[in-house]
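Fold and geometry: a report
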Amino acid sequence: MEVIKKYFHGLDTWQTERFKALFPLYQEWNSRINVISRKDMENFWVHHVLHSLSIACFVSFKPGTQVLDVGTGGGFPGIPLAIFFPETEFLLIDSIGKKIKIVKEITQSLGLKNVSALQTRAEDIKEPFDFVVSRAVKSLPEFIPWVSGNIKEKGGNQIENGILYLKGGEFGEEIRQLRMKASIFELKNWFSESYFETKKLVYLVPK
């Protein structure tokens, strides 16, 4: 929790209480259904919560913004973002039922009214959203066709509606294959932890 306070000042009591509750909830559920590797639970705050919140370093969602989290797994980046942006609406989807079960249980325990969770594939979601977020579930050329039709043309945020994709390593060739405007941000410019040396946020806007 301290690493969250290090970078995000001014969290209110409601947000602070829910961030504090995340680790024990995930620890409990992860002991029953393994959605985060046991070893990686040691790095829970940096590898999962702070990584998810890197999106909040780039954009501050306005109230009423609608966000689709594709391949959410155990609820990342959607659940940390939903705590940070309580007036933004999030739909978290994954094709694996046990992962969505955990997402539903944790969001209910936290009392997050701005989160819905659904076991489904991205291709089966037809409604539009302001933003699609994800943590490297596929290569970008594979991922984009799933969600390119789910982005509203107009939105009320300071940046254009689009895709916010958290990804590591080198992927220049993937970007060159896309017919979208791409901006890449290095997370090491926002966070000092070594984990973020190769991590990036890709912002994609339909042309």
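For the structure itself, look to the data block above.
Attention now goes to the packing of aromatic side chains. By the definition in use, this model includes 18 aromatic pairs. Centre to centre, the rings of Phe61 and Phe90 are 6.4 Å apart; their planes meet at 70°, and the pair counts as edge-to-face. Here Phe61 is found in the loop between helix H3 (44–58) and strand E1 (66–70), whereas its partner Phe90 is found in strand E2 (residues 89–94), with 29 residues between them in sequence. When sorted by exposure, Phe61 lands in the same class as Phe90, which is buried. Grouping aromatic residues by their ring pairs yields a cluster made of Phe8, Phe61, Phe84, Phe85, Phe90 and Phe131. Above the plane of the ring of Trp29 lies Arg32, whose end atom (NZ or CZ) is 4.2 Å from the centre.

Here we take up the environment of Ser194. With respect to the helices and strands, the residue Ser194 is situated in the loop between strand E6 (180–186) and strand E7 (199–206). Separated by 148 residues in the primary sequence, Ser194 and Val46 have C-alpha atoms spaced 9.9 Å apart.

For the rest of this paragraph, the subject is the packing of helix H2 (residues 13–32) against H3. Packing of H2 against H3 leaves a shortest axis separation of 12 Å and a crossing angle of 130°. Relative to H3, H2 is oriented oblique. The handedness of the crossing between H2 and H3 is right-handed. Of the residues in H3, those touching H2 at Phe19, Leu22, Phe23 and Tyr26 are Phe44, Trp45, Val49 and Leu53.

This part takes up the side chain of Lys167. Counting through the fold element by element, Lys167 comes out in strand E5 (residues 162–168). The exposure class of Lys167 is buried, given its relative accessible area of 10%. In this structure the side chain of Lys167 is engaged in a polar contact, spanning 3.5 Å, whose partner is the side chain of Glu174. With sequence-adjacent residues up to four places away left out, Lys167 is seen in contact with Ala136, Lys138, Ser139, Leu140, Glu174, Thr198, Lys199 and Lys200.

Reading guide: rules and limits
Residues numbered from 1 in each chain as written. Predicted model: local features only at pLDDT ≥ 70, side-chain atom pairs only at ≥ 80, totals over all residues. Heavy atoms only, no water. Phe/Tyr/Trp six-rings, centres within 6.5 Å; stacked < 30°, edge-to-face > 60°. Helix = DSSP H or I, 4+ residues; strand = E, 2+ residues; numbered from the N terminus. Buried < 20%, exposed > 50% of the residue type's maximum accessible area, 1.4 Å probe, protein only. Lys NZ or Arg CZ within 6 Å of the ring centre and 35° of its normal. Axes fitted to C-alpha atoms, helices over the stretch in contact; angles between N-to-C directions. Parallel < 35°, antiparallel > 145°, perpendicular 65-115°, else oblique. Left-handed = near helix turned anticlockwise from the far one by under 90°. Contact = heavy atoms within 4.5 Å. Polar contact = N/O pair within 3.5 Å; in protein donor to acceptor, adjacent residues only side chain to side chain.

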